[in-house]
Structures are given as C-alpha cells and as structure tokens.
2 protein chains.
Amino acid sequence: MTISFSAIEEAAERIHPYIHRTPVFTNASFNERVGAQVFFKCENFQKVGAFKFRGACNAIFSLTDEEARHGVCTHSSGNHAQAIALAAKLRGIPAYIVMPHSAPQVKKDAVAGYGGRITFCEATQAARESSLDRIRLETGATVVHPYNHTKVIAGQGTATLELLAEVSDLDVVLAPIGGGGLISGTALAAHGIKKGIRVIGGEPEMADDAFRSLQTGEIVPSVNPKSIADGLLSSLGSLTFPIIQQHVEQIVTVSEAGIIEAMRFIWERAKLLIEPSAAVAPGVLWEKKIDLRGLKVGVILSGGNVDLKQLPWND
Amino acid sequence: MTISFSAIEEAAERIHPYIHRTPVFTNASFNERVGAQVFFKCENFQKVGAFKFRGACNAIFSLTDEEARHGVCTHSSGNHAQAIALAAKLRGIPAYIVMPHSAPQVKKDAVAGYGGRITFCEATQAARESSLDRIRLETGATVVHPYNHTKVIAGQGTATLELLAEVSDLDVVLAPIGGGGLISGTALAAHGIKKGIRVIGGEPEMADDAFRSLQTGEIVPSVNPKSIADGLLSSLGSLTFPIIQQHVEQIVTVSEAGIIEAMRFIWERAKLLIEPSAAVAPGVLWEKKIDLRGLKVGVILSGGNVDLKQLPWND
C-alpha cells in the first residue's frame, strides 16, 4: 500500500482546524556547536505535546460517520494514547485506550483528562493485544495503530509540509525513528516537495533495530531495548519499513550520552522543553558521526512530554 | 526625567537588527485553569534568554562613538550582565562586568562566553559599587544601570510594542517587578498605544518592597529579601518609581508556592522553559487574588535562565 504526496496534502487540509501550526526556531549557539544551520520544527508545542496528534487527527477525521459512531481504540502508554483521546474528543466519539497498569500516573491522568476510557492490563505485549481485541469486538471501535497506518503516516508528514513552506531551501531533514511513522511521513512529504532533499533518521544506539533492519534488508524486531528515548523503542512496521528503505538515505545511531547532552543544550540555550526522544534527531548533529557541516538542516523536535521529577541530569 | 512614547518607538527601531522578535504563545490549559484568555510574550526566547537584552542594546547603541570607544560597565550577577556583555560585543566595544565571587559558575561562564571582562569582588553592595567606580575611573567606560536608566526602560518597553502589534485588544498587561525597569517600559508602551489598558505588576510576597512603596508613597528599600524569584530582589529606582506610581494600577504579590506552581504548570503544559522570576506575572493569574476572569491578558514571560540542576520541584 503506497501513500501518495496528495494524501499528505489532504491530511494537512483535514487536520488544519484542530492542530497547531508549530513554530520553527533557530538557535545561534546550537548552530555554532554543530557547524550547520539548523531549523527546529517544534512539535513539542503541538497539542498533547507531540507530533502524534497530527496522525491521530488524520486517522480519526478520516473515518466515515458510521465507523466513527463506534469510536476508536488503541494500546499505548505514551503520546499516541493522549493524541487519540484528544482527537476522538474533538470528533465527539469514544476513545478506548488500553494501558498497562505500570504506566506512569501522569500519563494515565493525561489520557483520562482528554476523556479517554482506559482499560488497564498487564504490561506484556500479549496482554495489551488481547485486551485491545476484546474491546474492539465488544464495541466495534476502529483500531488506530500508532504508526503502521496510512492515515497516521500521512498525518505525521504534515509537519514537514509546514517546515518546508517556511524554509524551502533545506538540504537535509532529520527525524527520529521508533516504529517509523514520523520518518515515513517526513520522507514522503520532503520528497514530494523536493526530489533531492536528503532525509536522515536518528535512532538510539541502544534501540538500533531500524538501523539493523536497513542493513539486513528485513525488519529486525526491537527486543528489550533500553534507552532514555522511551518513545523510540518500537519495531518497524510492514508499511513503514519499505518507505524507509526507499526514501531514507541513512539511519545514524546516537549514544545515550549524546541524547542527554543534546537535550540539555537545547533546554539551556534554546529554552525548548523537549523529551529525550526528541533529542535523538538533534543528537545526530551533536555527535557529528556524519558530516553535515555548512548545510541547512531541518530537525523535527518530536515532543515535549517529560517527567520533570526525573530529569536525566539529576544525580 | 520623563520618557516619551516616541523614545520607545525609537528604541524599537534602534535595536531591531540585534534582537529577536519573540513569539506570543497561548495555552488552552492555562486559560482554563485561570479563567482568562492569556497571551504570553516569550522573552525567555530573547537573546541571552531574557528581556534584559532589549534595554542593554538600546543603551549601548545609543552611545556616541566617542563614548562607546571606552566601553561600558555594570555590576550584576544576573541576566543584565550577560545582556551588556553581548550587546557590547555586537557594537564591538569592551564590557566590564563586576560580579561577586559567589556568583554561580554558569553565570560567570555565560558572561565570559559573550566576551565580557569580569572583575570579581566581595558579595556586598559596597564592594560592588567601589569596584565599579574604580573601573569607570580607570577606563572611562559608561555605566549602564540595570533599570534606573532612561534608555534601558525604553528598551524594555519594546516587548510590549510587539505584543500589542500582535494582539491589539488586550484588556490587561501583566509584568513582574524587581527594580521596575520592565514594568515601567511596559506601562509607558501600553499607555502610549492604548490609554485605557490596565497595567498590573506581579511581585513576590517575600520581596514586596514595590508593593509597599506604592502603599506608602515613597521608595521602600528591599532589605534582605529571600525569594526563589531571584531576578526580582532589587529596590525601585528614582526613575522607575514615579512611572509606576503614575501608570501601574496595582501590584499584586504572589506566594513562593504560587510562583513554583505557575512555573511548573507552564513548563509541563505549555512546554515553555521559564525562570522563577518569569513565573511571578502568570502567578498573579494563578493565585486569583484579583478578578481577571474573562479578560484578554498579556503576560510578559521575562526570561528562561534556570539552573537545571536546582529545579524547585526536586526534593
């Protein structure tokens, strides 16, 4: 199943009334430190604090009225859960969210605050999937997968449409990779606008399944990854992997120290409150494993949902 | 000595090539919490991370070439020091900064990083002033006071020119009060544009000298204040007090708990990294001691220079 550039343009139009057009920031100190001209697309300022709201909105507002009537469901303990809950609220339909008991209270509160109906389960993949199946059968709700979903991917691409509308002469776009929804949308949007633009993914060294998938030519599952970038621990999907193979020039891994250093620099110098997962793409520039000196680089800062009591530089 | 509205307009033109035009943010959760429609003018994104850069630029770029040749000097351990250092660097002249030995290393590094020439002294007002005097006599440098200075006050007012250019129908503008430079510039700019707009100051309960000065009709010195809002501990000046008396409707004090709660909410929900002093003006709305329900309120978020290792919600 391919996703056309016009699917992204349609997504932009569809979600426009609901999303924030997020600002693009520059920071002289960061540019000096990394030797490139960097344009941060600040999805930390997106509703629910992450780009995930774009894809969730596009999926939910694409449903027919008949489908929508039964609501939507998903399993997630992260930003996708909040995004689905708020988008469903805006459409006026129920959102059934399966979350592990062990999810942080702040995330449970956030989902409940947006009106999501939470079902708790054990913290295993099997328990999450069986709970979701049960809810789907009971309610007739439509499952919205966090990334392996054409409407979700198209929605995530709209951030890059906005970025390139504002800064048209970028040489490179950098985005983080978890399940691949954001980088897939980013790459399709970027190449739809400008064939020659380079799209590069950033991935935690400690959760480098996408890097290894590109190397081996088949999806390498993410097994028990442990990274501070907790939004980037998923395996690639059947939809995202081929898009990445075709459109992403390379994936660069970033060390845990590099993620934390880049995050702290961006907090201290740019005053942008980003989550660890959002520091992985700028971390590619920070660690300088590849040479991007002198280039104009767009960087998707994916989100800003952080537990302020658990900052990585606290001892 | 009065400051005309046109002095603020001239300041805006003078400093335009050097400053950031900072964005205005809104946040639905904050609005809901306080019951008003709030427009945050984000001076935390200003160069050096604070509005202070506006006043410093206006003062330094107003000097004649002959004056400028000898450089500028000031004593400060805070944002003003960094602002003077960077503005002087941009004009290509020396900046002599007197700082107490006891200033945090991160602030010493920041001033030095902008090319400021630091003289260390004991941490008393007398030591600071005698060191400054000596430097002034030795170098012929011009002293730029952090707030009791017409060009500094006019420069600080430019933030409100920008805010009202973007949101013209504000009912109220809120700004924090330390020495009074920001609120004076804010009030002169606001009333220059729109006679009836209400200007309200926020001050820490634990450093309420301006509140008491307004009550008694004379400057009450700030003696040994202890507030987390460490940018708001100065006494009012001979220039700022009469402007405040004439233009500021009232000063509302904010508790330490209110400052910290407002700061945390703005970090968590708006993803805006602000310093404690910048949380005092929103703290006025947060604590609801006065009724601003249903109004359109501009709030100057004064800066974002925080020690990330010493956040007030860490235990």
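These figures come from a predicted structure and were not determined experimentally. Every chain is numbered independently, its residues counted from 1 as its sequence is written. To label them, take the chains in the order written and letter them from A, then take the ligands in the order written and number them from 1. Predicted model: local features are reported for residues with pLDDT of at least 70 only, side-chain atom pairs are reported and counted for 80 or more only, and whole-chain, interface and lining totals are derived from all residues. Each side-chain value is derived from all of the structure's non-hydrogen atoms; neither hydrogens nor water enter the calculation.

Turning to the pairing of strand β9 (residues 250-254) of chain B, a few remarks are in order. All names here are of chain B. Buried residues dominate β9, accounting for four of its five residues. For two strands to be treated as a pair, DSSP must find at least two bridges joining them. What counts as a helix is a DSSP run of H or I of at least four residues, what counts as a strand is a run of E of at least two, and both are numbered from the N terminus. Judged from the five bridges that link them, strand β8 (residues 198-204) and β9 form a sheet pairing that is parallel. Across the sheet, residue Pro204 finds its bridge partner in β9, namely Val254. Burial here depends on accessible area, computed with a 1.4 Å probe over protein chains only, as a share of the maximum for the residue type. Under 20% is buried, over 50% is exposed, and the range in between is partly exposed.

It takes a turn of 180° to lay chain B on chain A, together with a shift of 0.0 Å along the axis; the resulting RMSD is 0.0 Å. Between the two chains, the operation in question is that of a two-fold axis. Looking at the rotation axis and the C-alpha trace of chain B, the residue lying nearest is Leu273(B), at 3.0 Å. When checking whether two residues touch, look at their non-hydrogen atoms; a contact exists if any pair is within 4.5 Å. The share of interface residues of chain B whose copies in chain A are also at the interface is 95%, consistent with both copies meeting through the same surface. Our superposition of the copies is a least-squares fit, built on the C-alpha atoms of residues whose pLDDT is at least 70 in both.

This part takes up the domain arrangement of chain A. Residues and elements named next belong to chain A. What counts as a domain boundary in this text is fixed by an automatic or database domain assignment. Split by domain assignment, chain A resolves into domain 1 (5-50 + 153-314) and domain 2 (53-143). In this assembly, 22 residues from domain 1 lie in contact with 14 residues from domain 2. Buried surface area refers to the total accessible area, computed with a probe of radius 1.4 Å, that the two partners give up upon joining, counted for both partners together. With both sides pooled, the region where domain 1 packs onto domain 2 buries about 1,400 Å², and carbon together with sulfur makes up 58% of that total. Three residues stand out in domain 1 for area buried against domain 2, namely Arg14, Tyr18 and Val48, and they jointly supply 43% of the buried area on that side. The closest approach of N and O atoms between Arg54 and Glu162, which form a salt bridge, is 2.9 Å. Whenever two N or O atoms come within 3.5 Å, that pair is a polar contact, provided that in protein one can donate a hydrogen and the other can accept it, and provided that, for residues adjacent in sequence, both atoms are side-chain atoms. Linking domain 1 with domain 2 are nine residue pairs in polar contact (both at pLDDT 80 or more). Residue assignment for the side of domain 1 that touches domain 2 shows that the elements contributing at least two residues are α1 (5-15) and α8 (150-166). In terms of residue count, α8 provides more of the side of domain 1 that touches domain 2 than any other element does, six residues in total. Amino acids outside the nonpolar list (Ala, Val, Leu, Ile, Met, Phe, Trp, Tyr, Cys, Pro) and the charged list (Asp, Glu, Lys, Arg) are all regarded as polar, and Gly is one of them. Along the lines of polarity and charge, the residues of the side of domain 1 that touches domain 2 split into eight nonpolar, seven polar and seven charged. The salt bridge definition used is simple: a Lys or Arg side-chain nitrogen within 4 Å of an Asp or Glu carboxyl oxygen.

Moving on: the interface of chain B and chain A. Taken residue by residue, the interface counts 21 residues in chain B and 21 residues in chain A. Together, the buried faces of chain B and chain A total about 1,900 Å²; carbon and sulfur atoms form 59% of this surface. Sorting the residues of chain B by area buried against chain A places Lys271(B), Leu308(B) and Lys309(B) first, and these three jointly supply 36% of that buried surface. Counting across the interface, chain B meets chain A through zero salt bridges.

Attention shifts here to unusual backbone geometry. In this structure, Val48(A) takes a positive phi of about 60° despite not being glycine. Topologically, Val48(A) is positioned in the loop between β2 (37-42) and α3 (52-61). A relative accessible area of 6% means that Val48(A) is categorised as buried. Even without glycine at this site, Lys271(B) takes up a positive phi of about 60°. Within the secondary structure layout, Lys271(B) lies in the loop between α12 (256-270) and α13 (280-287).

A word on the sheet that holds strand β3 (residues 72-75) of chain B. All names here are of chain B. On the basis of which strands lie adjacent, the open sheet formed by four strands has the order β5-β4-β3-β6 and parallel pairing. Each edge of the open sheet is held by one strand with a lone partner, namely β5 (117-121) and β6 (142-143). Sheet topology places β3 next to strand β4 (residues 95-100); four bridges connect them, and they run parallel. Directly across from His75, in β4, lies its bridge partner Val98. Orientation is described by lines fitted to C-alpha atoms, with helices fitted over the stretch in contact, and by angles between N-to-C directions that extend from 0 to 180 degrees. Where helix α5 (residues 79-91) meets the sheet, its contacts fall on β3 and β4, and the angle it forms with β4 comes to roughly 165°. Against the sheet, helix α6 (residues 105-113) engages β4 and β5, with an angle of about 175° to β4.

Further remarks concern the environment of Ile244(A). Looking at the element boundaries, Ile244(A) is found in helix α11 (residues 240-247). Sequence spacing of Ile244(A) and Val199(A) is 45 residues, and the spatial spacing of their C-alpha atoms is 9.4 Å.

Right, let's get into the packing of aromatic side chains. When two rings of Phe, Tyr or Trp (its six-membered ring) have centres within 6.5 Å they constitute a pair, described as stacked for plane angles under 30 degrees, edge-to-face for angles over 60, and tilted for the intermediate range. Applying the stated rule across the entire model yields 18 aromatic pairs over all chains. Taken together, a centroid distance of 5.1 Å and an interplanar angle of 80° make the contact between Trp267(B) and Trp313(B) edge-to-face. Of this pair, Trp267(B) sits in helix α12 while Trp313(B) sits in the segment after β10 (296-301), placing them 46 residues apart in sequence. The pair Trp267(B) / Trp313(B) is uniform in exposure class, with both members buried. Ring pairing ties together the aromatic residues Phe25(A), Phe45(A), Phe25(B) and Phe45(B), which thus form one cluster. Directly above the aromatic system of Trp286(A) lies the positively charged group of Arg33(A), at a separation of 3.8 Å from the ring centroid. In this scheme, Lys NZ or Arg CZ marks a charge over a ring once it lies within 6 Å of the ring centre and within 35 degrees of the ring normal.

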